[in-house]
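Structure at a glance
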Amino acid sequence: LISALLCLESIILSMYIALAIRPIQVQSSASILLPILTLTFSACKAGTGLALLVASTRTHGSNHLHNFNLLQC
């Protein structure tokens with residue numbers, strides 16, 4: 001579960017970098033809010049992922065979540 005969250009964060013980070021560089025290359029101010037929206041959705045996703053991680057830790061009673069390894073990066 002943690003590796004899946006880290007993979008999603010790296011995808012969001014690469015999207016943020018691409019969206020931040022694009023208005024500089026095109027020299028337009030129309031798409032200047034897209035990186036801010038990307039960061040907002042990334043923060044919401046990270047909060048949801050951490051809430052799921054805490055809930056599963058509390059349900060299974062330990063900090064070792066080896067059985068929930070869903071995605072290998």
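Anything mentioned here points back to the structure above.
Here the structure is a predicted model, which means the values were calculated and not measured. (Residues numbered from 1 in each chain as written. Predicted model: local features only at pLDDT ≥ 70, side-chain atom pairs only at ≥ 80, totals over all residues. Heavy atoms only, no water.)

**A few points about the overall build of the protein**
Secondary structure assignment for the protein yields 2 helices and 0 strands. When each of the 73 residues of the protein is scored for burial, the buried share is 19%. Across the protein, contacts joining residues at least 24 apart in sequence account for 58% of those joining residues at least 6 apart. Working note: accessible area of the protein is about 5,600 Å², and carbon and sulfur atoms make up 70% of it. (Helix = DSSP H or I, 4+ residues; strand = E, 2+ residues; numbered from the N terminus. Buried < 20%, exposed > 50% of the residue type's maximum accessible area, 1.4 Å probe, protein only. Contact = heavy atoms within 4.5 Å. Areas by Shrake-Rupley, 256 points an atom, 1.4 Å probe, with all protein chains shown as cover.)

**Description of helix 2 (residues 34-60)**
With 27 residues, helix 2 ought to run about 39 Å at 1.5 Å a step, and its terminal C-alpha atoms sit 39 Å apart, in line with that. Residues of helix 2 that are buried include every one of Pro35, Thr38, Ser42, Gly49, Leu53, Ser56 and Thr57, and no others. (Expected span 1.5 Å × (residues − 1).)

**Here we look at the environment of Phe41**
Structurally, Phe41 can be placed in helix 2. By relative accessible area, Phe41 is classed as exposed at 60%. With 29 residues separating them along the chain, Phe41 and Ile12 place their C-alpha atoms 9.1 Å apart.

**Some points on a nonpolar patch on the surface**
Together, Ile32, Leu33, Leu34, Ile36, Leu37 and Phe41 make up an exposed nonpolar region whose accessible area comes to about 610 Å². Of note, Leu33 is situated in the loop between helix 1 (2-26) and helix 2. (Patch = residues over 30% accessible without salt bridge, like charges linked within 9 Å, V, L, I, M, F, W, Y side chains within 5 Å. Salt bridge = Lys/Arg side-chain N within 4 Å of Asp/Glu carboxyl O.)

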